[in-house]
Amino acid sequence: MALESTAKVVLGCVAFSIFWVLAVFPSVPFMPVGRTAGSLLGAMLMVLFRVMTPEQAYAAIDLPILGLLFGTMVVSIFLERADMFQYLGSMLSWKSRGSKDLLFRVCLVSAVASALFTNDTTCVVLTEFILKVARQNNLPPQPFLLALASSSNIGSSATPIGNPQNLVIAVTSGISFGSFLFGIFPAMIVGVITNTCILLCYFWKHLSVDKERDQESAGGQDVVVADDEVTSHRFTPARMSRANSVNGDADYMNEPIRRSDSMSRSKSYNSEGDRDIQVAIRSVRASSMSQEMVEVSTVCDRRDDGPRKGDEKEKPLEEEVVKQKKWKVLAWKTAVYLTTLGMLVSLLMGLNMSWTAITAALVLLALDFTDAQACLEKVSYSLLIFFCGMFITVDGFNRTGIPNALWELVEPHARIDSAKGIALLAVVILVLSNVASNVPTVLLLGTRVAASAGAISPASEKKAWLILAWVSTVAGNLTLLGSAANLIVCEQARRAQFHGYNLTFWSHLRFGVPSTIIVTAIGLIIVVSY
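Per an unreviewed UniProt entry, the protein chain carries the name Citrate transporter-like domain-containing protein and comes from Aegilops tauschii subsp. strangulata. Per its UniProt entry, the protein chain bears the Subcellular location (unreviewed entry) comment "Cell membrane".

Structural data, given as structure tokens:
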């Protein structure tokens, strides 16, 4: 593809640059409008500058990807309401055999959960729980927070529904869910194990601290966290976009975080100026099943208040009501889990991913037997709009001919039929994913890398897509700004009530650089040999 006219090239670069700045730095002083508005601004400028026509802009929007995103969001919301993530959190502390065992569990649970429920959702739900478990066992939070963020990124690479860039790759390439899974799953398992070993080596001394000595210095009393405190927080899942603001200025990525301006502060807190501590992070459960859970607990509370007049007559009736409510809740949760399992089986069978996810979402909405508005309000529509604007902006930038001209310079040296070519391609993907974000990198490089590999053989084309998926995902572990999951963990940990911890950029970088290089290299060997 030849370069367009000078005017179109310059104007297209201006529009794309504005999009990039607002996507990477959503709170820039001169235009703090956020990523969603920034993507729409870039799309509008592409049309306004006549880099592309309105018809071409509409055609650039990939509806199957948006449908798949929407469906997985709704399913994640219902799984959260059905306490799936509470059960996952309980697995971390159940019969734990020490700090190293706990670290291994965090890596394993976060990786598996991310592959099924997206990495961002997993980090939103598990961060505060992991902080409390670490405090309860007098352990430093840093290794466990790094384990959560890095393992979530690695685990999300295994499936098309694990992160947004995998969605784009699966839909664009036409690779089935099963082929995608079997192509990357071995690399993911080895990558998670390798990442865990690196964490253990890096934090071995910190994880070997004598727990009893710490407890004695604290007064000889164990810090106990009640179960209801650990599991009381409720987050809205399916926030899957990339965030890059170290200070937590991300827009839709931080939607689950709510602060209370009316919270009364103690004098010591006022003197230190810590007025940004959040009171709670909760999402309202507006459904009939949730209401029934509340009614069950209310009835149980009334039973514990002591004997009253007429209690003997009311007891059988109340017990019957409690049993009925519990059975209804159990039946509803079972239906949610079976529907999700059916969706995963359908995806493995090779059915259309977008319509499978949408069908599962509609089935869950129907099974709720209530107005769907309350549930649908939790969907991150700002993320869907962000993707629409990004599709248009990236397509307009492609039409200028600049990406193609740059790829023609690199392509002869980045062919996947040689070890040097694979290494160079991996470096290009790694750098672009941290500079321009992983999803735009996939949109810019995807078809070009696939076409170059397709000239070798059809099998090479599929392998090129899998390499792109693996490297662009693991690249998120390089820096704190490389992935939304990293920043979610950082912000959730910093704002956690009573258990706050500040995960700094440099503390993440010291671990992220060696981990990313080693895990990427080992995974590449496995993916290429597939």
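Digging into the packing of aromatic side chains
Following the criterion strictly, the structure yields 9 aromatic pairs and no others. Seen from their ring centres, Tyr202 and Phe203 are 4.8 Å apart, and the 70 degrees between their planes marks the pair as edge-to-face. Classification of Tyr202 by relative accessible area gives partly exposed; the value is 37%. Between Phe505 and Trp506, the ring centres sit 5.3 Å apart and the planes meet at 90 degrees, which makes this aromatic pair edge-to-face. Take Phe505: its relative accessible area is 26%, and that puts it in the partly exposed class. The exposure class assigned to Trp506 is exposed, which follows from its relative accessible area of 56%. Here the aromatic residues Phe16, Phe19, Phe386, Phe387, Phe391 and Phe397 are joined through ring pairs into a cluster of three or more. Sitting over the face of the ring of Trp204, Lys100 holds its NZ or CZ atom 4.4 Å from the ring centroid.

Let's talk about the nonpolar core
If you look at the biggest cluster of nonpolar residues, it comprises 132 residues, and the most contacted ones within it are Phe144, Phe387 and Trp470. Beyond its immediate chain neighbours, meaning those up to four positions away, Trp470 contacts Ile154, Ser157, Ile184, Ala187, Met188, Val519, Thr520, Gly523, Leu524 and Val527.

Some details on the side chain of Ser346
Summarising the element assignment, Ser346 is placed in helix H16 (residues 311–348). Polar side-chain contacts of Ser346 include one of 2.8 Å to the backbone oxygen of Gly342. Residue contacts for Ser346: discarding those within four places in its chain leaves Leu351 and Thr356.

Section: helix H23 (residues 458–474)
Taking 1.5 Å per residue as the helical rise, H23 with its 17 residues ought to reach 24 Å, and the 25 Å between its terminal C-alpha atoms agrees with that figure. When you tally the buried positions in H23, you get 12 out of 17 residues, the bulk of the element. Against the buried residues of H23 lie helix H8 (141–156), helix H9 (164–173), helix H10 (177–202), helix H21 (419–435), helix H22 (438–454) and helix H25 (505–528).

Points about the pattern of salt bridges
Using the criterion set out here, one finds 6 salt bridges in the structure. Notably, a salt bridge pairs Arg81 with Asp368, separated by 3.0 Å at the nearest N-O pair. With Arg81 in helix H4 (residues 63–81) and Asp368 in the loop between helix H17 (353–367) and helix H18 (373–376), this pair connects stretches of sequence that are 287 residues apart. This pair shows no difference in class: Arg81 is buried, exactly as Asp368 is. With a shortest N-O distance of 2.8 Å, Asp83 and Lys333 are connected by a salt bridge.

Points about the packing of H22 against H23
It is at 8 Å that the axes of H22 and H23 come closest, and there the two elements cross at 155 degrees. On the basis of the axis angle, H22 is roughly antiparallel to H23. Of the two elements, H22 crosses H23, and the hand of that crossing is right-handed. Here Asn438, Val442, Gly446, Thr447, Val449, Ala450, Ala453 and Gly454 of H22 lie close against H23, whose contacting residues are Ser460, Glu461, Ala464, Trp465, Leu468 and Ser472. Tallied by class, residues from the contact of H22 with H23 come to 7 nonpolar, 6 polar and 1 charged.

Examining the confidence of the model for the protein chain
Overall, the prediction assigns the protein chain a mean pLDDT of 78, with 79% of residues at 70 or greater. Low pLDDT, under 50, characterises residues 210–305; the stretch is placed with 195 contacts to residues that sit more than four places away or in other chains.

Quick look at the packing of helix H6 (residues 99–117) against helix H7 (residues 119–136)
One way to put it is that H6 packs onto H7 with a least axis distance of 9 Å and a crossing angle of 155 degrees. Here H6 lies roughly antiparallel to H7, going by the angle between them. Of the two possible hands of crossing, H6 and H7 adopt the one that is right-handed. Residues Leu102, Val106, Val109, Ser110, Ala113, Ser114 and Phe117 of H6 form the contact with H7, whose participating residues are Asn119, Thr121, Thr122, Leu126, Ile130 and Val133. Taken together, the residues of the contact of H6 with H7 sort by class into 8 nonpolar, 5 polar and no charged.

Conventions we followed
Just so you know, the residues in each chain are numbered from 1, in the order the chain's sequence is written. At least 70 in pLDDT is required for a residue's local features to be given in this predicted model, at least 80 for side-chain atom pairs to be given and counted, and no such filter applies to totals for whole chains, interfaces and linings, which use all residues. Note: side-chain values were computed over all heavy atoms of the structure, leaving out hydrogens and water. UniProt positions are given in the numbering used here, feature names are shortened, and annotations may be inferred rather than shown by experiment. Pairs were defined over the aromatic rings of Phe, Tyr and Trp, the Trp ring being its six-membered one, requiring ring centres within 6.5 Å. Orientation was assigned from the angle between planes: stacked under 30 degrees, edge-to-face over 60, tilted for the rest. Partly exposed describes any residue whose relative accessible area lies between the buried limit of under 20% and the exposed limit of over 50%, with all areas from a 1.4 Å probe on protein chains only and scaled to the type maximum. Placement of a positive charge over a ring is assigned whenever Lys NZ or Arg CZ falls within 6 Å of the ring centre and within 35 degrees of the normal to the ring plane. Here the nonpolar core consists of buried residues drawn from Ala, Val, Leu, Ile, Met, Phe, Trp, Tyr and Cys, with membership extended through side-chain atoms lying within 4.5 Å. The contact criterion used throughout is that any non-hydrogen atoms of two residues lie within 4.5 Å. Secondary structure is summarised from DSSP: a helix means a run of H or I of at least four residues, a strand means a run of E of at least two, and numbering begins at the N terminus for each. Under the rule applied, a polar contact is a pair of N or O atoms within 3.5 Å (in protein, one hydrogen donor and one hydrogen acceptor; residues adjacent in sequence only if both atoms are side-chain atoms). To estimate how far a helix should reach, multiply one less than its number of residues by 1.5 Å. Salt bridge, as used here: a side-chain nitrogen of Lys or Arg that lies within 4 Å of a carboxyl oxygen of Asp or Glu. Helix axes use the C-alpha atoms of the stretch in contact, all axes being lines fitted to C-alpha atoms, and the angles between their N-to-C directions lie in the range 0 to 180 degrees. Should an angle lie under 35 degrees it is considered roughly parallel, over 145 roughly antiparallel, and from 65 to 115 roughly perpendicular; all remaining angles are considered oblique. Definitions for this section: a left-handed crossing has its near helix turned counterclockwise from the far helix by less than a right angle. A right-handed crossing has that turn clockwise. For this classification, Asp, Glu, Lys and Arg are treated as charged, while Ala, Val, Leu, Ile, Met, Phe, Trp, Tyr, Cys and Pro are nonpolar and the rest, including Gly, are polar. Within a predicted model, pLDDT stands for the predictor's per-residue confidence, ranging from 0 to 100.

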